[in-house]
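Each chain, letter by letter, is given below.
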Amino acid sequence: MLQVQSQCIGESLIARDVVSTSTESGSLRLRNAGALGKNKAVLQKCVSTETSTEPWSSKEPSMPTEPVPYGRKTQKPSPVAEVHILWITAGLGCDGDSVSITAATQPSIEDVLLGAIPGLPKVHLHNPVLAYENGGDFLKYWYLAEQGKLEPFVLVVEGSIPNEKIKKEGYWAGLGTDPHTGQPITTNEWIDRLAPKALAIVCAGTCSSYGGIHAMEGNPTGCMGLADYLGWDWRSKAGLPIVNVPGCPVQPDNFMETLLYLLYQVAGIAPMIPLDDQLRPKWLFGKTVHEGCDRAGYYEQGDFAEDYNSSKCIVRLGCWGPVVNCNVPKRGWMNGMGGCPNVGGICIGCTMPGFPDKFMPFMDEPPGARVSSAAVGVYGRAIRALRSFTIDTVNKEPRWRHSRAELTSGYSPKTY
């Protein structure tokens, strides 16, 4: 079937020179009437040949060959042919980060896995939420990785890391069963086995980055973020620190963009990833919510919302945006759309190491906001008054724009 189509396309391309556009007349002009007849014959041949491969035909159509992804044809091959991503969701969490990244578009998970991005090695993802394998078929990659037979691989951790040292029996979280003991393999054991062999480790979401909701005051598991478990100075065998991409859940494009950066590092075409003191990518978390918020102008003018139906600044309704490192107001949530304050929601600081304890109770005005909003209120009223005069002025046309028989623009004509 494909061979027939290729032949037809080739012959049609030869015959397409039948007509050309006349720029003088704007009409179509025949170059060769005989060629036009040939073109019709080619099309008839294609139709008749294609219909011969219908299911009731005795002739079997040829099977298509797998096309080479566009991204792998436009740049030199990666020095690393393949890389595996082992994504463990067995921390204390809700799998929300795995679900979130399915909404990514810059890049999408499909673009990375199907080779649509130039310069990347072939990427294999092993995530229990997204995988079609299960049981032993899924866990074999984890066993191979701990044996050093799955090289190279990037470890993605989702969920808080429980403290397995604080109890006498049982376990908090695990994945799979140890074939030698028949006992569950705890999340801590997997991290201990895989971290020394991983090329890089990425934390997806606030739970694995800093502990998150599961690590709030009064929790029974003593859980923490991965850097608290391995150490904030931990480095992979490639010299990479832990990379935290916080969020509850993680903003999909933030995570995929960070993963893409690390994959480019694996390919040798990106420098060391720039991180802040909390191990977050600087270009994603270097600014506050307030600095990228559409409502920030109202704050400057001391004009605050009294309820959630307003488009004004919502600091007094409980928004922590001025002190939270996050780019969601600028980036949006899915495909550039949405994002907490963009759709009327307050920022509760979910990307911060102190979340949730230092931001509770939610919906209450932050303590600092009371002082800052009161101070800016005096300044803001004066600014609003002055700007109202300016707005009134610039909303009027200049006086020389009229239909009278005289020129009053200030120009002095010499010839009329």
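Because the structure is predicted, anything quoted here is derived from the model rather than measured. (Residues numbered from 1 in each chain as written. Predicted model: local features only at pLDDT ≥ 70, side-chain atom pairs only at ≥ 80, totals over all residues. Heavy atoms only, no water.)

K.L.:
What's the story with empty space enclosed by the protein in this structure? I'm lost.
P.N.:
It is the rolling of a water-molecule-sized probe over the atoms that shows where space remains empty. Tallied over the full model, the rule gives two cavities of 30 Å³ or more. Volume-wise, the largest cavity comes out at about 70 Å³. A per-class count over the lining of the largest cavity returns eight nonpolar, two polar and one charged. (1 Å grid on protein atoms, 1.4 Å probe; cavity = no way out; pocket = protein on both sides within 12 Å on 5 of 7 lines; lining within 4 Å. Points joined across faces, edges and corners; volume = space filled by probe spheres on them. Nonpolar A, V, L, I, M, F, W, Y, C, P; charged D, E, K, R; others polar.)

K.L.:
Would you mind going over helix 13 (residues 367-394) with me for this structure?
P.N.:
One turn of the α-helix equals 3.6 residues, which is why residues spaced by three or four share an orientation. The end-to-end C-alpha distance of helix 13 is 39 Å, a good match for the 40 Å that 28 residues give at a rise of 1.5 Å each. Bending of helix 13 peaks at approximately 35 degrees at the position of G377. Taken together, the buried positions of helix 13 are A369, S373, V376, G377, G380 and I383. Considering only its buried residues, helix 13 is in contact with helix 11 (296-300). (Helix = DSSP H or I, 4+ residues; strand = E, 2+ residues; numbered from the N terminus. Expected span 1.5 Å × (residues − 1). Bend = angle between axes of the 7 residues up to and from the residue. Buried < 20%, exposed > 50% of the residue type's maximum accessible area, 1.4 Å probe, protein only. Contact = heavy atoms within 4.5 Å.)

K.L.:
In this structure, what is going on with the sheet that holds strand 8 (residues 200-204)? I would like to understand it.
P.N.:
Two pairing modes exist for strands in a sheet, parallel and antiparallel, and in both the strands are linked by backbone hydrogen bonds. Across the sheet, which stays open at both edges, the five strands sit in the order 4-3-5-8-9 with parallel pairing between neighbours. Bordering the open sheet on either side are strand 4 (122-126) and strand 9 (243-245), each of which pairs with just one other strand. Each strand axis lies, on average, 20 degrees off the axis of its neighbour in the sheet, ignoring direction. As judged from the five bridges shared by strand 3 (residues 82-88) and strand 5 (residues 153-157), these two strands associate in the parallel manner. Paired with W87 across the bridge in strand 5 is V156. The sheet contacts of helix 5 (residues 136-146) involve strand 3, strand 4 and strand 5, and relative to strand 3 the element is tilted by about 110 degrees. (Pairing = 2+ DSSP bridges. Axes fitted to C-alpha atoms, helices over the stretch in contact; angles between N-to-C directions.)

K.L.:
I would appreciate a short explanation of the pairing of strand 5 in the present structure.
P.N.:
Of all five residues in strand 5, five are buried; the element is thus mostly enclosed. Where burial is concerned, the two faces of strand 5 agree: the one with F153, L155 and V157 and the one with V154 and V156 are both buried. Two strands pair when backbone bridges link them, and strand 5 and strand 8 are joined in this way by four bridges, in the parallel orientation. Paired with V157 across the bridge in strand 8 is C203.

K.L.:
Help me out: how do you make sense of the nonpolar core in this one?
P.N.:
The nonpolar side chains of soluble globular proteins are, as a tendency, buried together. Membership of the largest hydrophobic core comes to 60 residues, with the highest contact counts inside it found for L86, W142, L155 and F255. It is helix 9 (residues 252-266) that contributes the most residues to this core, seven residues altogether. Among all residues touching W142, those that are not within four sequence positions of it are L86, W87, I88, H126, L155, L175, W190 and L194. Formed by 15 residues, the second largest nonpolar core is a distinct cluster that contains V289, L317, C347 and F355. (Core = buried A, V, L, I, M, F, W, Y, C linked by side-chain atoms within 4.5 Å.)

K.L.:
Whenever I open this one, the pattern of salt bridges confuses me. Can you help?
P.N.:
Once their charged atoms are close, side chains differing in charge can pair, the charge on each being opposite to the other. Following the criterion strictly, the structure yields eleven salt bridges and no others. Between R193 and E146 there is a salt bridge, with its nearest N and O atoms 3.2 Å apart. Placement of the pair is R193 in helix 6 (residues 187-194) and E146 in helix 5, with a sequence separation of 47 residues. Among the residues examined, E146 registers a relative accessible area of 22% and is labelled partly exposed. Note that R280 is salt-bridged to D276, the shortest N-O span being 2.9 Å. Through salt bridges with shared partners, one network takes in E146, D178, E189 and R193. (Salt bridge = Lys/Arg side-chain N within 4 Å of Asp/Glu carboxyl O.)

K.L.:
In this structure, what is going on with a nonpolar patch on the surface? I would like to understand it.
P.N.:
The grouping of Y308, M360, F362 and M363 at the surface amounts to a nonpolar patch, some 380 Å² of accessible area in total. Residue placement: F362 occurs in the loop between helix 12 (328-331) and helix 13. (Patch = residues over 30% accessible without salt bridge, like charges linked within 9 Å, V, L, I, M, F, W, Y side chains within 5 Å. Areas by Shrake-Rupley, 256 points an atom, 1.4 Å probe, with all protein chains shown as cover.)

K.L.:
Sorry, what's going on with the layout of surface pockets here?
P.N.:
Empty space within the second largest pocket amounts to approximately 230 Å³. In terms of lining, the second largest pocket is formed by 22 residues, of which the most central are C326, V328, W333, C340 and C350. When grouped by side-chain class, the residues that make up the lining of the second largest pocket number 16 nonpolar, six polar and no charged.

K.L.:
What should I look at first to understand the state of the cysteines in this one?
P.N.:
Each disulfide consists of a covalent bond between the sulfur atoms of two cysteine residues. Going through the model one piece at a time under the given rule, you end up with zero disulfides. Here C326 is not disulfide-linked; the sulfur of C350 is the nearest cysteine sulfur, at 6.2 Å. Here C340 stays unpaired: no disulfide links it, and the sulfur of C350, its closest cysteine neighbor, is 6.1 Å away. Taking relative accessible area as the criterion, C340 reaches 38% and is therefore assigned partly exposed. (Disulfide = S-S within 2.5 Å.)

The values reported here are purely geometric and, on their own, carry no functional implication.
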